[in-house]
Amino acid sequence: MRSDVSVTSGVFEANRARGAVRFDVHARDGVTRRGTLHESGSLRVRFPSPEGEGLSGVFVNTAGGVAGGDRFDIDITAADAARLTLTTAAAEKVYRAQGKAAELNIALKVGAGAHLSWLPQETILFDRARVHRRFDIALDEAASLLLCEIVVFGRTAMGERMEQGEFVDRWRLSRGGGLVFAETVRLDGHIGEKLARSAVAKSGAAIGTALIVPGDEALVERIREASESFAGEVGISAWNGFAMARFCAQDAARLRADMMAVLARTGAALPRLWLN
């Protein structure tokens, strides 16, 4: 006879959320239009009124958050000369996991002369959350990309911090068919203690990354000119034809302000949802 614990675990596993979005966009007569769209499970994408020649998309997770064992897959293609900006309707919350880690898989493909801005709102990890995230990005040599991610370890505004859990973040970027950037960040176990270390986050509760393609030393210098206004720590460098800015702050509000200051220096237009 199965124990009550086994039955409960089986029911929990069977009720994990699944969601997938896959679509492509194309430039027609100088205007970006959506092509084929596939949605399944609890993940949706909506397209507000066009702003100029580009297209904007907003992801909505109808599951109300991400829990252990959930899986979400996003696959986006911006064909030649298309312009696409993507964000989320709200900050994504990753809740405590009782078993398997949640999986978030994002694949982005950008064609010649196309531009894609990936600008989701914050990902907030609750205590004992477990999540594995993967980015696979393929750019044409003549494509451009702005990809920004903010991760918050606990709702600091409510006096909450992430003390334990697991966060694995894998990024792979190829350009013209060749791998130009690869990184995997792993924080697990007693995450709160690790973040408190001076060499890790100096007790910061929010980290962020902005990946800018193309990026060069001139862009780095423009961003560094704003360094006196930063509320947290910001470092930026350029190599292999792209620039990357790293952020660390005591809370999400300060890091978000720093991210917006950096994006202003790149000339990027922020989604309206970022400004509410």
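Our subject is the structure listed above.
An account of the accompanying structure is given in this report. On a predicted model such as this, the values are computed, not experimentally measured, just so you know.

On to helix α3 (residues 217-224), then. Side chains that are three or four residues apart share a direction in an α-helix, a result of its 3.6 residues per turn. Taken together, the buried positions of α3 are occupied by L219, V220 and I223. The buried residues of α3 occupy an angular sector of 105° when the element is viewed end-on, so they sit on one face. In this structure D216 caps α3, since a side-chain oxygen of it lies 3.2 Å from the backbone nitrogen of A218.

The strand order across the open sheet built from seven strands is β2-β1-β5-β8-β11-β13-β14, with neighbouring strands paired in mixed fashion. Edge positions in the sheet fall to β2 (31-41) and β14 (178-189), since each of these pairs with one other strand and no more. Strand-to-strand, the axes of this sheet are offset by a mean angle of 5°, without reference to chain direction.

Before going further, it helps to spend a moment on the nonpolar core. Soluble globular proteins tend to bury their nonpolar side chains together. W118 and L211 are the most contacted members of the largest nonpolar core, which has 50 residues in total. Here this core takes five residues from strand β8 (residues 102-110), the largest share from any one element. Beyond its immediate sequence surroundings of up to four residues, L211 is in contact with I137, L145, L146, L147, W171, L173, F242, A243 and M244. Counting 27 residues, the second-largest nonpolar core is a separate cluster that includes L119, V152, L219 and M259.

We now examine helix α4 (residues 252-266). Counted at 1.5 Å a residue, the expected span for α4 with its 15 residues is 21 Å, and the 21 Å between its end C-alpha atoms agrees. Among all positions in α4, only A252, L255, R256, D258, M259, V262 and L263 are buried. Angularly, the buried residues of α4 cover 160° about the axis, an arc narrow enough to put them on a single face. Exposed residues on α4 whose side chains face more than 90 degrees from its buried face are A253 and A264. Tucked inside the fold, the buried residues of α4 contact β12 (144-153), β15 (206-213), α3, β16 (233-239) and β17 (242-249). Backbone geometry just after α4 places G267 at a positive phi near 85°.

Turning our eyes to something else, we now look at the pattern of salt bridges. According to the stated counting rule, one finds 20 salt bridges in the structure shown. Here D70 makes a salt bridge to R16, at a shortest N to O gap of 2.9 Å. Taken as a pair, D70 in the loop between β4 (55-61) and β5 (71-78) and R16 in the loop between α1 (4-14) and β1 (18-28) lie far apart in primary sequence, 54 residues in all. Each of the two residues, D70 as well as R16, counts as buried. Ionic pairing is found between R71 and E103, a salt bridge with its closest N-O pair at 3.7 Å. Here E103 lies in strand β8 and R71 lies in strand β5, a separation of 32 residues in the sequence. For E103, a relative accessible area of 30% translates into the label partly exposed.

Here A20 lies in strand β1. Note: C-alpha distance between A20 and V234 (214 residues apart in sequence) is 33 Å. Sequence-distant contacts of A20, that is, excluding residues within four places in its chain, are made with H38, E39, S40, L43 and D73.

What follows is about the packing of α3 against α4. When two helices pack together, their arrangement is captured by the angle between the axes and the distance separating the axes. Two numbers describe how α3 lies on α4: the axes approach to 9 Å, and their chain directions differ by 135°. The angle between α3 and α4 falls in the class oblique. By crossing handedness, the relation of α3 to α4 is classed as right-handed. Within the contact between the two elements, α3 uses L219, R222 and I223 and α4 uses V262, R265 and T266. In terms of residue class, the contact of α3 with α4 is made up of three nonpolar, one polar and two charged.

Its place among the elements puts S42 in the loop between β2 and β3 (43-46). When its relative accessible area of 10% is taken as the criterion, S42 is described as buried. Within the structure, S42 has its side chain in polar contact with the side chain of N61 (distance 3.5 Å). Setting aside residues up to four positions removed in sequence, S42 forms contacts with A17, R18, G19, V60, N61, T62, A63 and F72.

Basis of the calculations
- Residues numbered from 1 in each chain as written.
- Predicted model: local features only at pLDDT ≥ 70, side-chain atom pairs only at ≥ 80, totals over all residues.
- Heavy atoms only, no water.
- Buried < 20%, exposed > 50% of the residue type's maximum accessible area, 1.4 Å probe, protein only.
- Helix = DSSP H or I, 4+ residues; strand = E, 2+ residues; numbered from the N terminus.
- Arc of directions from axis to C-beta.
- Polar contact = N/O pair within 3.5 Å; in protein donor to acceptor, adjacent residues only side chain to side chain.
- Pairing = 2+ DSSP bridges.
- Axes fitted to C-alpha atoms, helices over the stretch in contact; angles between N-to-C directions.
- Core = buried A, V, L, I, M, F, W, Y, C linked by side-chain atoms within 4.5 Å.
- Contact = heavy atoms within 4.5 Å.
- Expected span 1.5 Å × (residues − 1).
- Salt bridge = Lys/Arg side-chain N within 4 Å of Asp/Glu carboxyl O.
- Parallel < 35°, antiparallel > 145°, perpendicular 65-115°, else oblique.
- Left-handed = near helix turned anticlockwise from the far one by under 90°.
- Nonpolar A, V, L, I, M, F, W, Y, C, P; charged D, E, K, R; others polar.

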